[in-house]
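So the chains spell out like this:
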2 protein chains.
Amino acid sequence: MIHADLIVRDAAEAATLAAGPVPRVGPAMNDLARVPDAAIAVDGGLVVWVGPERRVSREVRLRAGGRALDAAGGTVVPGFVDAHTHVLFAGDRAAEIPLRVRGASYREIARRGGGLYSTVRATRAAGSRELLRTAADRLRRMAANGATVVEVKSGYALDHVGELRLLRLIPRLARATGLRLVPTFLGAHAVPPEFEGRADDYIDSLVRRTLPAVARGGLARFCDVFCEPGFFSVAQSERLLRAAARLGLGVKVHADEFVLSGGARLAARLGARSADHLLATPAADRGRLARAGVSAVLLPMTAFASTAARRSPGREMVDAGVPVALGTDCSPNTWVESMPLVLAGAVHGGRMTPAEALTAATVNAAHASGVGDAGTIEVGRPADLAVLPIRSADLVGYRFDVRPTLVLRQGKPVFTP
Amino acid sequence: MIHADLIVRDAAEAATLAAGPVPRVGPAMNDLARVPDAAIAVDGGLVVWVGPERRVSREVRLRAGGRALDAAGGTVVPGFVDAHTHVLFAGDRAAEIPLRVRGASYREIARRGGGLYSTVRATRAAGSRELLRTAADRLRRMAANGATVVEVKSGYALDHVGELRLLRLIPRLARATGLRLVPTFLGAHAVPPEFEGRADDYIDSLVRRTLPAVARGGLARFCDVFCEPGFFSVAQSERLLRAAARLGLGVKVHADEFVLSGGARLAARLGARSADHLLATPAADRGRLARAGVSAVLLPMTAFASTAARRSPGREMVDAGVPVALGTDCSPNTWVESMPLVLAGAVHGGRMTPAEALTAATVNAAHASGVGDAGTIEVGRPADLAVLPIRSADLVGYRFDVRPTLVLRQGKPVFTP
């Protein structure tokens with residue numbers, strides 16, 4: 001008899017994602033390891049039993065004071081892993097919407113000192129308490145939408161002290177929200193105003209001063225860079241990422257978002273953990289990512305937000321054999337806090353099957369963010385899961401605005417604030 | 001002193017939409033008639049006072065047993081009017097997603113007996129109790145997302161008895177949900193399987209038998225038609241709509257969704273109340289709509305869901321002087337229940353300003369659905385309103401997944417089921 005302090009009962013289905021190599025590629029992304037009519041037992045924050053509802057009473061005993069939660073015919077999935085966010089920022093960008101609707105691009109707005117630079121000004125000026133409070137609010141809403149692991153990138157300070165401050169806030173945010181957060185250093189999010197026209201000098205300062213401090217303090221798991229014309233060149237990106245790798249950090253690239261920047265090719269050459277965005281990546285470079293085993297972190301709502309005239313290349317990346325992961329890209333530019341909405345974007349916009357999208361949002365996103373034991377529902381692993389009010393995982397991403405009816409992080413229910 | 005049984009207090013702003021001609025066109029769509037630091041008083045389900053918070057205590061007295069609700073620094077807007085839905089259906093279409101992600105079009109899937117026709121089979125087979133229950137669930141979630149008026153189209157029975165049954169369910173749905181519903185007869189949603197290759201005969205049967213029964217029973221406010229190659233031609237659409245107009249129904253057209261069908265031009269020629277979808281409408285026909293005063297009902301999430309490669313033409317329609325309205329298009333093809341998500345789609349995808357989008361989702365949608373006294377917050381009108389957790393209407397549609405913190409329909413709070 002197995003003892004449990006919590007049992008989730010009466011799910012129409014559990015998609016455990018518990019079988020197969022990590023990350024999943026190609027047709028394997030459609031294998032969800034489903035358990036029909038499922039129940040899941042949790043003890044001490046870990047999954048202790050997964051199986052058919054009809055067997056749970058015989059095989060699992062609820063401890064005194066333990067409780068059973070009703071999945072009410074919904075579908076249990078692993079807690080979502082959001083593999084790409086920029087939630088640490090101050091202010092908002094409502095003021096630039098009138099420019100955007102008239103067709104000004106992200107790069108044009110940034111070049112005029114708006115966009116990203118207005119967020120940098122607001123973030124530098126903000127107190128740590130305000131940054132913590134607003135980011136925690138966002139993360140709690142993300143958790144209510146089913147996310148249990150979130151990769152958080154720095155990048156709105158763009159100076160030595162400010163970037164370190166942002167990274168140091170991440171463990172505090174994790175404690176405040178109960179979420180598992182993966183810190184990524186994105187000091188090279190843009191060339192700071194102080195270094196205008198001197199991107200090489202800024203890379204120099206990151207390599208000589210900031211990166212070593214990040215590594216020394218254990219402040220980040222990954223180093224990321226915005227490799228795009230007007231931001232950082234392939235050569236500048238490569239220099240930064242090689243330095244990061246030497247210091248033991250994993251590497252990631254914001255690649256080919258607006259135009260073919262060569263960022264995906266660079267990610268493949270460096271064996272990066274992930275290349276992110278990839279809206280302008282050609283077929284040859286999809287092949288390079290696949291052969292190098294670099295995860296493609298796709299952000300379908302960003303493709304939509306930028307103009308709605310671009311599709312996230314989910315279908316193409318899956319068919320090319322690239323391990324695809326998903327993220328919200330939550331930022332003041334694309335303020336999305338719902339992984340279920342991202343799943344709908346991946347299915348409707350990215351033309352991924354519901355199973356591919358779910359794989360991308362769980363086990364593959366966990367791999368892309370370097371969190372080995374997340375993204376599945378398996379005995380011995382943290383009980384991070386969401387119950388969706390749909391009768392089967394075949395409906396993931398079909399309805400646009402599905403909200404979980406229950407989210408557990410380490411076996412504890414997550415509630416909206 | 002004004003007496004109230006409910007006061008909504010401490011809003012950072014109220015956008016009342018209470019000034020100007022109806023519908024609003026062009027630059028007038030940016031005039032929201034804002035009240036900063038607002039409070040709103042309600043009595044007997046009607047708005048009795050709107051003004052600055054600092055004056056409410058002096059000018060309004062709460063009745064014994066009345067209550068004050070805290071808008072907590074949010075923004076009060078009129079309850080959303082969803083000007084285009086197909087919520088009366090059975091089943092779902094998850095099974096066709098694998099076809100869609102491989103690129104099969106809506107028309108191809110329909111031609112193979114899937115898509116719309118699979119929903120017709122399910123709807124014909126469903127009991128009225130099931131149809132009521134599932135549609136009411138959808139409408140309640142829509143209400144929780146801020147909608148207080150919803151246009152509901154028939155069209156998934158495609159036979160005389162079944163279409164009349166669907167229309168007769170609408171008043172029952174209104175009673176069950178407390179929402180104000182506008183019934184629209186869409187018997188010409190597609191050529192039914194029994195009439196394959198004989199669209200003219202089907203139009204004939206609608207004109208001779210079903211339309212007169214609809215009119216006689218007062219079952220619908222509007223008659224709508226799917227004017228698109230493979231569905232109904234301009235000539236067939238015109239014949240149906242002229243017959244409907246003679247019977248006193250308003251007329252609407254599903255126009256130019258996939259290709260230039262001539263539907264918008266027809267709507268202009270007939271002086272229709274609205275032309276809906278309009279993804280393939282050329283500039284010349286936008287001008288025709290503007291001159292004829294035909295509302296464009298745009299459905300930005302449908303543009304996204306179809307392939308994500310098309311933009312909803314919000315900017316172009318506003319600039320052409322067409323009165324723009326918005327809807328979810330909630331259906332088994334585009335299962336969207338959230339007007340705030342549609343507002344985000346209108347801003348990010350349709351390039352409308354937040355103010356234009358809000359105007360389109362309230363006062364202009366009320367006009368498009370023929371509900372004269374909805375879509376504004378004004379003394380003497382029903383107290384239908386939503387409080388959004390944003391500091392100003394300038395942020396409408398900016399974040400993708402905003403949920404109202406309070407929704408009132410006729411002064412009564414609406415809760416999720």
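Computed from a prediction, not measured in an experiment: that's the story for all the values here.

Novice: Lay out the overall build of chain A in plain terms, naming residues and giving numbers.
Specialist: A tally of helices and strands in chain A yields 15 helices and 16 strands. Taken against the 2.2 N^0.38 rule, which gives 22 Å for 417 residues, the C-alpha radius of gyration of chain A at 21 Å falls within 12% of a compact globule. In terms of its C-alpha atoms, chain A occupies a principal-axis envelope of roughly 70 × 45 × 45 Å. Per-residue burial over chain A gives 65% buried out of 417 residues. As presented, chain A carries roughly 13700 Å² of accessible surface, and 51% of it is formed by carbon and sulfur atoms. Of note, chain A has its 53 positive side-chain charges centred 3 Å away from the centre of its 40 negative side-chain charges.

Novice: Could you give an account of the interface of chain B and chain A, naming the residues involved and the relevant values?
Specialist: Note on interface size: it is often stated as the accessible area lost on association of the parts. Taken together, the contacts link 41 residues of chain B with 41 residues of chain A. Counting the surface lost from both chain B and chain A, the interface buries some 3800 Å², and carbon and sulfur atoms represent 60% of this. Ranking the residues of chain B by area buried against chain A places Val101, Phe304 and Tyr398 of chain B at the top, with a combined share of 19%. Our count for the contact surface shared by chain B and chain A stands at 6 salt bridges.

Novice: Got a sec to walk through the domain arrangement of chain A? Specific residues and values, please.
Specialist: All names here are of chain A. The domain boundaries assigned to chain A delineate domain 1 (2-78 + 377-415) and domain 2 (80-368). Taking the mean C-alpha position of each, domain 1 and domain 2 sit 29 Å from one another. Contact with domain 1, which involves 30 residues of that partner, is made by 33 residues of domain 2. When domain 1 packs against domain 2, close to 2600 Å² is buried across both sides, 67% of that on carbon and sulfur atoms. When residues of domain 1 are sorted by the area they lose upon contact with domain 2, Met29, Phe400 and Arg409 head the list and together hold 24% of the total. Counting across the domain 1 and domain 2 interface gives 0 salt bridges. Of all the secondary-structure elements, those providing two or more residues to the side of domain 1 that touches domain 2 are strand 5 (75-78), strand 14 (385-388) and strand 15 (406-409). The element contributing the most residues to the side of domain 1 that touches domain 2 is strand 15, with 3 residues.

Novice: Please give an account of the relation of the copies chain B and chain A that cites residues and values.
Specialist: One copy of the chain maps onto the second through a rotation around an axis plus a translation along that axis. Taken as rigid bodies, chain B and chain A are interconverted by a rotation of 180° and an axial shift of 0.0 Å, the fit giving an RMSD of 0.0 Å. The relationship between the two copies is best expressed as a two-fold rotation axis.

Novice: I'd love a proper account of the confidence of the model for chain A, names of residues and values included.
Specialist: Taken as a whole, chain A shows an average pLDDT of 95; of its residues, 98% reach a score of 70 or greater. Among the prediction metrics, the complex's ipTM stands at 0.95, with pTM recorded as 0.96.

Novice: Lay out the pattern of salt bridges with the relevant residues and their values.
Specialist: One pass over the full model with this rule turns up 59 salt bridges over all chains. A salt bridge links Asp204 of chain A to Arg239 of chain A, with the shortest nitrogen-to-oxygen separation between them at 2.6 Å. With a gap of 35 residues between them, Asp204 of chain A in helix 7 (residues 199-216) and Arg239 of chain A in helix 8 (residues 234-246) connect regions that are remote in the sequence. Note that Arg315 of chain B is salt-bridged to Asp319 of chain B, the shortest N-O span being 2.9 Å. Note that Arg315 of chain B and Asp319 of chain B are positioned in helix 12 (residues 314-319) at a spacing of 4 residues, about one turn of the helix. For Arg315 of chain B, a relative accessible area of 7% translates into the label buried. A single network of salt bridges, built from pairs that share partners, joins Arg102 of chain A together with Arg315, Asp319 and Glu356 of chain B.

Novice: So, the environment of Pro78 of chain B: which residues are in play, and what are the values?
Specialist: All names here are of chain B. Note on placement: Pro78 falls in strand 5 (residues 75-78). Separated by 298 residues in the primary sequence, Pro78 and Thr376 place their C-alpha atoms 5.2 Å from one another. In this structure Pro78 touches Ala15, Thr16, Leu17, Thr362, Gly375, Thr376, Ile377, Asp384, Leu385 and Ala386, once residues within four positions along its chain are discounted.

Novice: Any chance you could break down helix 6 (residues 160-177) of chain A for me, citing the residues and the numbers?
Specialist: Residues and elements named next belong to chain A. Given a rise of 1.5 Å per residue, 18 residues ought to cover 26 Å, and the 26 Å separating the end C-alpha atoms of helix 6 matches this to within 8%. The sharpest bend along helix 6 comes to roughly 25°, located at Pro171. Three or more residues of helix 6 are buried, namely His160, Gly162, Glu163, Leu164, Leu166, Leu167, Leu169, Ile170, Leu173, Ala174 and Thr177. Those residues of helix 6 that are buried are in contact with helix 4 (116-125), helix 5 (128-144), strand 7 (147-153), strand 8 (180-188) and helix 7.

Novice: A description of the sheet that holds strand 9 (residues 222-227) of chain B should follow, citing residues and the corresponding values.
Specialist: Backbone hydrogen bonds are what pair the strands of a sheet, in a parallel or an antiparallel way. Residue and element names in this part refer to chain B. Reading across from one edge, 6-7-8-9-10-11-12-13 is the order of the 8 strands in this open sheet, with parallel pairing throughout. Two strands in the sheet have a free side with no partner beyond their single neighbour: strand 6 (80-85) and strand 13 (324-326). The sheet shows a mean angle of 25° between the axes of neighbouring strands, taken without regard to direction. Across 4 bridges, strand 10 (residues 250-255) lies against strand 11 (residues 274-277) in parallel orientation. Paired with Ala255 across the strands is His277, a residue of strand 11. In this fold helix 14 (residues 354-361) packs onto strand 6 and strand 13, with an angle of close to 75° to the strand it touches most, strand 13.

Novice: Any chance you could break down the side chain of His254 of chain B for me, citing the residues and the numbers?
Specialist: Along the chain, His254 of chain B turns up in strand 10. What His254 of chain B contacts, discounting residues up to four positions off in sequence, is His84, His86, Lys153, Leu186, Asp224, Val225, Phe226, Cys227, Asp276 and His277 of chain B.

Novice: With reference to specific residues and values, describe helix 8 of chain A.
Specialist: For helix 8 of chain A, built from 13 residues, the straight-helix expectation of 18 Å at 1.5 Å per residue is met to within 8% by its first-to-last C-alpha distance of 18 Å. One or two positions beyond helix 8 of chain A, positive phi appears at Gly248 of chain A, with a value near 95°.

Novice: How would you summarise the packing of helix 6 of chain A against helix 7 of chain A if you had to cite specific residues and measurements?
Specialist: Residues and elements named next belong to chain A. The interhelical angle for the contact between helix 6 and helix 7, taken along N-to-C directions, is 20°, at an axis separation of 10 Å. Our classification of the angle between helix 6 and helix 7 gives roughly parallel. Our pair here, helix 6 against helix 7, has a crossing hand that is right-handed. Contact residues: His160, Leu164 and Leu167 in helix 6; Arg209, Thr210, Ala213 and Val214 in helix 7. Residues that form the contact of helix 6 with helix 7 fall into these classes: 4 nonpolar, 2 polar and 1 charged.

Novice: Break down the pairing of strand 7 of chain A for me, citing the residues and quoting the values.
Specialist: All names here are of chain A. Counting buried residues in strand 7 gives 7 out of 7 residues, a clear majority hidden from the surface. Bridge count between strand 6 (residues 80-85) and strand 7: 4 bridges; the pairing is parallel. Looking at strand 7, one finds that Thr85 is bridged to Val152. Where strand 7 meets strand 8, 5 bridges bridge the pair, whose relative direction is parallel.

Here is what the cut-offs are and how they apply
Residues numbered from 1 in each chain as written. Chains lettered and ligands numbered in written order. Predicted model: local features only at pLDDT ≥ 70, side-chain atom pairs only at ≥ 80, totals over all residues. Heavy atoms only, no water. Helix = DSSP H or I, 4+ residues; strand = E, 2+ residues; numbered from the N terminus. Rg over C-alpha atoms; globule rule 2.2 N^0.38 Å. Buried < 20%, exposed > 50% of the residue type's maximum accessible area, 1.4 Å probe, protein only. Areas by Shrake-Rupley, 256 points an atom, 1.4 Å probe, with all protein chains shown as cover. Lys, Arg positive; Asp, Glu negative; His and termini not counted. Charge placed at Lys NZ, Arg CZ, Asp CG, Glu CD. Contact = heavy atoms within 4.5 Å. Buried area = accessible area lost by both parts, 1.4 Å probe. Salt bridge = Lys/Arg side-chain N within 4 Å of Asp/Glu carboxyl O. Domains from an automatic or database assignment. Least-squares fit on C-alpha atoms with pLDDT ≥ 70 in both. pLDDT = per-residue confidence, 0-100. Expected span 1.5 Å × (residues − 1). Bend = angle between axes of the 7 residues up to and from the residue. Pairing = 2+ DSSP bridges. Axes fitted to C-alpha atoms, helices over the stretch in contact; angles between N-to-C directions. Parallel < 35°, antiparallel > 145°, perpendicular 65-115°, else oblique. Left-handed = near helix turned anticlockwise from the far one by under 90°. Nonpolar A, V, L, I, M, F, W, Y, C, P; charged D, E, K, R; others polar.

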